[in-house]
Amino acid sequence: MSSVPTRASVVVIGAGQAGLSVAYYLQRLGLEAGDGFVVLDRGPGRGGAWQHRWEGLRIGVAHRINDLPGLDELGLSFDTADRQRPARDVVAEYYAAYEQHYGLGVVRPAIVRSVFNRGIDLVVEWADATGDSREITTQVVVNATGTWGSPFRPWYPGRDLFEGEQVDTTTYRAAKDFAGKRVVVVGGGTSAIGFMLELEHVASELTWASRRGIEFREEGELNLEDRRHAVAIQDAAAREGRALPSIVSGTGVPRTRRIQSAVDRGLLVPKPMFSSIEPNGVRWDDGTFVEADVLLWATGFRPELRHLASLRLREKEGGVTVGNGSSWKDPRIFFAGYGPQASTIGANRAGRTIARQVMRQLAES
């Protein structure tokens, strides 16, 4: 930790898919790890957010994981990865090998507390494993923190009075933890569907509630039109500074054989969203009441941007105005894995574009 420079041309915050992709291309464009660029990652290990996902999630049932740029040089690909192993283990191993092979010098654990101005420079304040505060002065920051650290739990009347357990995607560990319990799963995305499938023969009662209807796609894979539509709505929100919609709202859910079987047997048929939460369950507008021991919130995430608060980048609409990867309010701040780059749909492709823009910014400053 003592070898971490106190000044670097670029600081990349986050070593998940987006952050590693940007670092790879920065290196290809002539910057070296160290004085050229520093990657700070808060995780205790490799793998970005994947290292924190639940044990039962497998490569074969997760969203497709795109290969990092240059991963083929290591003879690795997620397309041929073991689909029976936990996805978190596979991703962690591949990312560790990738970081070592390319000598990216990721600093971890490094918790970024704040990014602020000091004269014409940017300062990244971060804490090391001991909690000691450190600083790196830089010309450019690439924010690649993703969303895992900011799960979203919508408020409903009575939510704070619920006497059972409330869990979200980040705190879910294993299906066995819910054995014999009455569980209400909330959300309309792939995580909610995954939880329903895992808990079907584990929970004593299982209820699914979703704010919107689920649009199942007939194809087993998302087609190009679906992907373009999802990217377009994310891009529009980012350019307008609005809160970002979920990816699945633009893509729908592929109707795989496993999912179709669950639909046919009545498991994956969601109720509309309940209107209130009571100490021992949830209630709908028509008076229907379901008792619950657990509320499992699979309701998505919000971008993790708290460390950028002092730069005042947020708009009143709730988001950050981002175009072509950079902040419109401060061109020194780039966003990787944000908006149209979110999830595996666009993070890798954006790495090269952002790295090139970063090099132009450095040349102009």
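Since the model is a prediction, treat every value here as computed from it, not as a measurement.

### A look at the overall build of the protein chain
(1) Moving on: Of the regular secondary structure elements, the protein chain holds 7 helices and 18 strands.
(2) Moving on: Put simply, the protein chain has 365 residues, and 53% of those count as buried.
(3) Moving on: Partitioning the contacts of the protein chain with sequence separation of at least 6, the portion at a separation of at least 24 is 67%.
(4) Moving on: Accessible surface, the protein chain as shown: approximately 16,800 Å² in total, 47% of it carbon and sulfur.

### Side note on the sheet that holds strand β7 (residues 182–186)
(1) Moving on: Reading across from one edge, β6-β15-β7-β8-β11 is the order of the 5 strands in this open sheet, with parallel pairing throughout. Two strands bound the open sheet, and with one partner strand each, they are β6 (165–168) and β11 (271–272).
(2) Moving on: Pairing of strand β8 (residues 205–210) with β11 involves 2 bridges; the strand directions are parallel. Bridge pairing in β11 places Ser210 opposite Pro272.
(3) Moving on: Running over the sheet, helix α3 (residues 190–199) touches β7, β8 and β15 (294–297) and is turned about 170° from β8.

### Quick notes on unusual backbone geometry
Excluding glycine, residues mostly have negative phi values, and the peptide bonds linking residues are mostly trans.
(1) Moving on: Between Arg108 and the following residue, Pro109, the backbone shows a cis peptide bond with an omega angle of -10°.
(2) Moving on: Along the chain, the position of Pro109 falls in the loop between α2 (87–102) and β3 (111–118).
(3) Moving on: With a phi angle near 55°, Arg312 is a residue other than glycine that sits in the positive phi range.
(4) Moving on: Assignment of secondary structure puts Arg312 in the loop between β15 and β16 (322–323).

### Considering the packing of aromatic side chains
(1) Moving on: Tallied over the entire structure, the rule returns 11 aromatic pairs.
(2) Moving on: With a centroid separation of 5.1 Å and an interplanar angle of 85°, the aromatic rings of Tyr24 and Tyr102 are classed as edge-to-face. Of this pair, Tyr24 sits in helix α1 (residues 17–28) while Tyr102 sits in helix α2; the two residues are 78 residues apart in sequence, bridging distant segments of the chain. Of the two residues, Tyr24 and Tyr102, neither departs from the other in class, the shared state being buried.
(3) Moving on: The ring of Trp284 carries the charged tip of Lys271 above its face, separated from the ring centre by 5.7 Å.

### Comments concerning the environment of Arg42
(1) Moving on: Its place among the elements puts Arg42 in the loop between β2 (37–40) and α2.
(2) Moving on: Arg42 gets classed as partly exposed once you look at its relative accessible area, which sits at 39%.
(3) Moving on: With 68 residues separating them along the chain, Arg42 and Ala110 place their C-alpha atoms 4.5 Å apart.
(4) Moving on: The contact partners of Arg42, leaving out residues within four places of it in the chain, are Pro109, Ala110, Ile111, Trp148, Gly149 and Glu304.

### A short note on the sheet that holds strand β13 (residues 281–283)
(1) Moving on: Taken together, 3 strands build an open sheet; the order of strands is β12-β13-β14 and the sheet is antiparallel. Both outer strands of the open sheet, β12 (276–278) and β14 (289–291), are each paired with one neighbouring strand and no more. Put simply, the sheet's adjacent strands are angled 20° from each other on average, direction ignored.
(2) Moving on: The pairing of β13 with β14 spans 3 bridges and is classified as antiparallel. By the bridge assignment, Val282 is partnered in β14 with Val290.

### A few points about the pairing of strand β1 (residues 7–13)
(1) Moving on: Within β1, 6 of the 7 residues are buried, which leaves it mostly tucked inside the rest of the structure.
(2) Moving on: Judged from the 6 bridges that link them, β1 and strand β5 (residues 133–143) form a sheet pairing that is parallel. Paired with Val12 across the strands is Val142, a residue of β5.
(3) Moving on: As judged from the 4 bridges shared by β1 and β2, these two strands associate in the parallel manner. Across the sheet, the residue bridging to Val11 is Val38, located in β2.
(4) Moving on: Chirality of the crossover, the property in question, places the unit of β1, α1 and β2 among those that are right-handed.

### Description of the side chain of Asp121
(1) Moving on: Position of Asp121 among the secondary structure elements: in strand β4 (residues 121–127).
(2) Moving on: Here the side chain of Asp121 touches Arg7 through a polar contact of 3.4 Å, side chain to side chain.
(3) Moving on: Excluding residues within four positions of it along the chain, Asp121 makes contact with Arg7, Phe116, Thr137, Thr138 and Arg332.

### Focus on the pattern of salt bridges
(1) Moving on: Applying the stated criterion across every chain yields a total of 15 salt bridges.
(2) Moving on: The partner of Glu135 in a salt bridge is Arg118, and the shortest N-O contact between them spans 3.0 Å. Placement of Glu135 in strand β5 and of Arg118 in strand β3 is noted, with a sequence separation of 17 residues between them.
(3) Moving on: Its relative accessible area of 43% is what places Arg118 among the partly exposed residues.

Conventions and cut-offs
Residues numbered from 1 in each chain as written. Predicted model: local features only at pLDDT ≥ 70, side-chain atom pairs only at ≥ 80, totals over all residues. Heavy atoms only, no water. Helix = DSSP H or I, 4+ residues; strand = E, 2+ residues; numbered from the N terminus. Buried < 20%, exposed > 50% of the residue type's maximum accessible area, 1.4 Å probe, protein only. Contact = heavy atoms within 4.5 Å. Areas by Shrake-Rupley, 256 points an atom, 1.4 Å probe, with all protein chains shown as cover. Pairing = 2+ DSSP bridges. Axes fitted to C-alpha atoms, helices over the stretch in contact; angles between N-to-C directions. Phe/Tyr/Trp six-rings, centres within 6.5 Å; stacked < 30°, edge-to-face > 60°. Lys NZ or Arg CZ within 6 Å of the ring centre and 35° of its normal. Right-handed = clockwise from strand over helix to strand, strands pointing away. Polar contact = N/O pair within 3.5 Å; in protein donor to acceptor, adjacent residues only side chain to side chain. Salt bridge = Lys/Arg side-chain N within 4 Å of Asp/Glu carboxyl O.

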